[in-house]
Amino acid sequence: MRIRILRACLMLGTALVLWPAPSIPGQAPDSPAAGAPGLRYEIWVELDAAGKMLVGKEEIVWTNPTKDTVPDMLLHLYWNAFKNEASAFLREAEAETKFRGDGSPEDGEWGWVDVTDIRLADGSDLKPSFAYVTPDGPETAGDETVARVLFPDPVAPGESVHLRIEFRSKIPRTVARSGYYKNSFFIGQWYPKPGVYEEGRGWNCHAYHQNSEFFSDFADFVVHITVPRGSVIGSSGKAADSRTDESAGTTTTTFRQAMVHDFAWMTDPRYLKVEQDFIASREVTPKEYDDTAKLLGLSIDEVRLPDVKMILLIAPEHKGQIERHFRALRAAIKYYGLWYGPYPYETVTMVDPPYRTGSGGMEYPTLFTAGTQVLTSPDELDPEGVIVHEFGHGYWYGLTATNEFEAAWLDEGFNTYSTGLVLARAYGPGAIPFNFKGIPLSSFLRIPKVFDFETNRVTAIQTVRFDPVTTWSWKFYNRGSYGANVYMRAATLLGTLEDLLGEPAWSRIMRTYHMRYRFRHPTKADFIGVVNEIAGKDMTWFFDELFDSTRPFDYGVSDLYSVKVPVHIRGVFDTGGAREEWTDKRIKEAETVKAKPGESSAPETAYRTTFVLRRYGEARIGGDTRIQAVVRFKDGTTETRTWDGQARWARFEIIKPVEAESVQIDPEGVWLIDENLANNSQGTDGFRLNTSKLMTQLLFTVQCILHFFGSWS
């Protein structure tokens, strides 16, 4: 996706339609995990389609999971980013020059959320203490996307607070991720939601920034959505029941979902709703289960996948692509499930984004938006790429719920890497998307097919010097640096680490990390801990050098010579107590003398091969990692030398009775992040064997730049 979501959860019991104090059981019956979360929601919301408004009320029960005594709560009010040009989001969008994408709404089309009433379940009014705050510092003064309320009494460890909130929201006319167009609505980040309380640090509740997505806690949700009768509705969670009020001309549908951290929905009277089932026994062969179990060191039962209800909401003009959407979703459910862990929810809803609602390519728990057009090309993996990618966020943003404000790469990078693997396995390479006024030119032109890791690499090496991958999302140089670093560069580094550690170790690292931190908020330190544990060595240097810095990685071959070693050399030598001189004439005579019968033949011809490896970039390898260099000789033999890569250069020498032909470093292509592949080899004639790779790199660079700029339009 382009820019993504967060979390929260709830389950308020059996009294679903009663506003007064609903019951709250310990665990929702459809929960995918044991143990109730510390956050629960029940929300009632009605869409005023004509007025483009939401009217809602909400109950939140939050249990203090820490040892801190908590005096207040910080709430996200995301739609206030579209309230006026004082918001952090719109100021940051305006400041962009080269990569400007989201702009201010037109007059009369602003969006906002007003908390009209907030009180405790016992009736205590909290509205007098309600105030907008700027947790990200004075540079966000005027922003109203975070509010604070004070509790009459602090919430002690293990205690709960029960809030009742009433709110009114004006739906924005499409700025980013949410909006409306005529009678089409996509509703995301629409309700007041608490931040994440972190022990010793307080509420983690950042303002809504242009380059950031979201962060919130797992919760159980019960949400009652009222829309005009006849409108098709799609939502996070599973529909529990639906009731129509004929007199009001409305339909109310109740959706439930346990253990998710956000909730989104859409409605459109024109849409088609299609359902299919992912039947695991049809999609996964016994051999695939067996191979996966052996690779991961698990039992067949541990890697077996459940069946999943797949729901597609699609515009009528795209109905010819229905099976294309489902095929991509089946591939995503299969491979993410086999590699990282079974999908834990009963349903997944895929939405063809409503036209001009600004909601394409976005992920929410159990629901995501894709993106397509009327004319498509069979050679381009579009919409397949966005479908696989957005479903995949359900794993890296949805289940391992990392903080996308502070560590976007732990979602975007992991998912970009994973998307490439799924597409390669299910489809092979695809043509680079190249469209003109909605017409896919790959249908008429011979546009090359490539794998995602190739285009990711080209983008990654162009962006190293701007920012570390681990930069907080709104602190990147610009939107372009944010996208290239947290998506492509992070994915390329993960692919490099995979090649460095090998498939068995890497597969277990990714599976262990995902399953260990499901329904939690892992950090970079958590991932490094798993890497070191499974790899059996300290790989912290890799993250320090390549994720946390702006040092370019470039090792290469600078020189290669292979010369004949003379049997005799000129000069004066002391031999057996006598001094004698070897002259050119004497050497020539000695080399032309044939051996007499019974005497050994003249010494065998030898060649001295000398080559120099250089560290052109600032980044260095570490630990027991070595740069590998393979020397190929003219008789077809090879010899390998290794270098720790710490100094600026290292010279190597090999004496062998055959002349060298070439030397190449990284012959297995481990270092995907190497920014200049053209210097990775050298021939004895001075010709660089990687010239063709250089031309390919140039081609990919041009293509990637065109694609990259187009993606922000």
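Note that this is a predicted model, so its numbers are computed, not measured. (Residues numbered from 1 in each chain as written. Predicted model: local features only at pLDDT ≥ 70, side-chain atom pairs only at ≥ 80, totals over all residues. Heavy atoms only, no water.)

(A) Spotlight on the pairing of strand 20 (residues 347–351). With five of five residues buried, strand 20 is to be regarded as a mostly interior element. Of the pairings in the sheet, the one linking strand 19 (residues 308–314) to strand 20 comprises five bridges and is parallel in character. Residue pairing for strand 20: Met310 is matched across the bridge by Val348. As defined by bridge partners, strand 20 adjoins strand 22 (residues 367–369) across three bridges and the pair is classed as parallel. The residue of strand 22 that forms the bridge with Thr349 is Leu367. (Buried < 20%, exposed > 50% of the residue type's maximum accessible area, 1.4 Å probe, protein only. Helix = DSSP H or I, 4+ residues; strand = E, 2+ residues; numbered from the N terminus. Pairing = 2+ DSSP bridges.)

(B) Inspection of the pattern of salt bridges at higher detail. Under the criterion given, the structure shown has 33 salt bridges. With its nearest N and O atoms 2.7 Å apart, the salt bridge here joins Arg201 to Glu406. Of the two residues, Arg201 is situated in the loop between strand 11 (196–198) and strand 12 (202–204) and Glu406 in the loop between helix 6 (384–396) and helix 7 (409–426); the sequence distance between them amounts to 205 residues. Here Glu406 falls in the buried class, since its relative accessible area comes to 13%. Glu580 is the partner of Arg586 in a salt bridge, and the nearest nitrogen-oxygen pair spans 3.2 Å. Each of Glu198, Arg201 and Glu406 takes part in one network of salt bridges that share partners. (Salt bridge = Lys/Arg side-chain N within 4 Å of Asp/Glu carboxyl O.)

(C) Seen up close, the environment of Ser359. You can see Ser359 is positioned in the loop between strand 20 and strand 21 (362–364). Once the C-alpha coordinates of Ser359 and Gly188 are considered, the two residues, 171 residues apart in sequence, prove to be 8.6 Å apart. Sequence-distant contacts of Ser359, defined by excluding residues within four places in its chain, comprise Arg177, Phe186, Pro353, Pro354 and Thr369. Looking at Ser359, its side chain comes within polar contact range of the side chain of Thr357, at 2.7 Å. (Contact = heavy atoms within 4.5 Å. Polar contact = N/O pair within 3.5 Å; in protein donor to acceptor, adjacent residues only side chain to side chain.)

(D) Quick look at the sheet that holds strand 31 (residues 627–633). The strand order across the open sheet built from four strands is 32-31-34-35, with neighbouring strands paired in antiparallel fashion. Edge strands, defined here as strands with exactly one partner in the open sheet, are strand 32 (638–643) and strand 35 (681–683). Adjacent strand axes in the sheet meet at a mean angle of 15° when their direction is disregarded. Bridge analysis of strand 31 against strand 34 (residues 660–665) gives five bridges, and the strand direction is antiparallel. (Axes fitted to C-alpha atoms, helices over the stretch in contact; angles between N-to-C directions.)

(E) Highlighting helix 3 (residues 286–296). Along helix 3, the residues that are buried comprise Tyr289, Thr292, Ala293 and Leu296. End-on, the buried residues of helix 3 take up no more than an arc of 100°, which puts them together on one face. Residues of helix 3 that are exposed and angled more than 90 degrees away from the buried face: Lys287 and Lys294. Directly beyond the C-terminal end of helix 3, a positive phi value near 70° is found at Gly297. (Arc of directions from axis to C-beta.)

(F) A look at the sheet that holds strand 27 (residues 555–565). What the three strands build is an open sheet, ordered 27-30-33; its pairing is antiparallel. Both edges of this open sheet fall to strand 27 and strand 33 (649–656), since each of them pairs with a single strand only. Between one strand axis and the next, the sheet turns through 15° on average, direction left out of account. Bridge analysis of strand 30 (residues 606–615) against strand 33 gives eight bridges, and the strand direction is antiparallel. The partner of Phe611 across the bridge, within strand 33, is Phe652.

(G) Spatial organisation of the confidence of the model for the chain. Per-residue pLDDT for the chain has a mean of 88; in total, 88% of the residues score no lower than 70. Segment residues 1–31 is flagged for pLDDT under 50; beyond a separation of four residues in sequence, or across chains, it makes 171 contacts in the model. This model gives residues 703–713 a pLDDT under 50, and the stretch forms 18 contacts once residues within four places in sequence are excluded. (pLDDT = per-residue confidence, 0-100.)

(H) Just the packing of aromatic side chains, in detail. Taken as a whole, this structure holds 53 aromatic pairs when the rule is applied. Ring geometry for Phe167 against Trp190: centres 6.4 Å apart, planes inclined by 55°, an arrangement best described as tilted. Here the residue Phe167 occupies a position in strand 7 (residues 160–170), and Trp190 occupies one in the loop between strand 9 (184–187) and strand 10 (193–194), the gap between them amounting to 23 residues. Since its relative accessible area comes to 1%, Phe167 is described here as buried. Classification of Trp190 as buried rests on a relative accessible area of 1%. Look at Tyr343 and Tyr345: their rings are 5.6 Å apart centre to centre, the planes differ by 75°, and that puts the pair in the edge-to-face class. Positioned above the aromatic ring of Tyr180, the side-chain terminus of Arg173 is 6.0 Å from the ring centre. The residue whose ring lies beneath Arg586 is Trp582, and the NZ or CZ to ring-centre distance is 3.9 Å. (Phe/Tyr/Trp six-rings, centres within 6.5 Å; stacked < 30°, edge-to-face > 60°. Lys NZ or Arg CZ within 6 Å of the ring centre and 35° of its normal.)

(I) View of the packing of helix 8 (residues 452–463) against helix 9 (residues 479–501). At a minimum axis separation of 8 Å, helix 8 and helix 9 run at an interaxial angle of 120°. Between helix 8 and helix 9, the angle falls in the class oblique. The crossing of helix 8 and helix 9 is left-handed. On helix 9, the residues touching Asn456, Arg457, Thr459, Ala460 and Thr463 of helix 8 are Ser481, Ala484, Asn485, Met488, Arg489, Ala491 and Thr492. Broken down by class, the residue content of the contact of helix 8 with helix 9 amounts to four nonpolar, six polar and two charged. (Parallel < 35°, antiparallel > 145°, perpendicular 65-115°, else oblique. Left-handed = near helix turned anticlockwise from the far one by under 90°. Nonpolar A, V, L, I, M, F, W, Y, C, P; charged D, E, K, R; others polar.)

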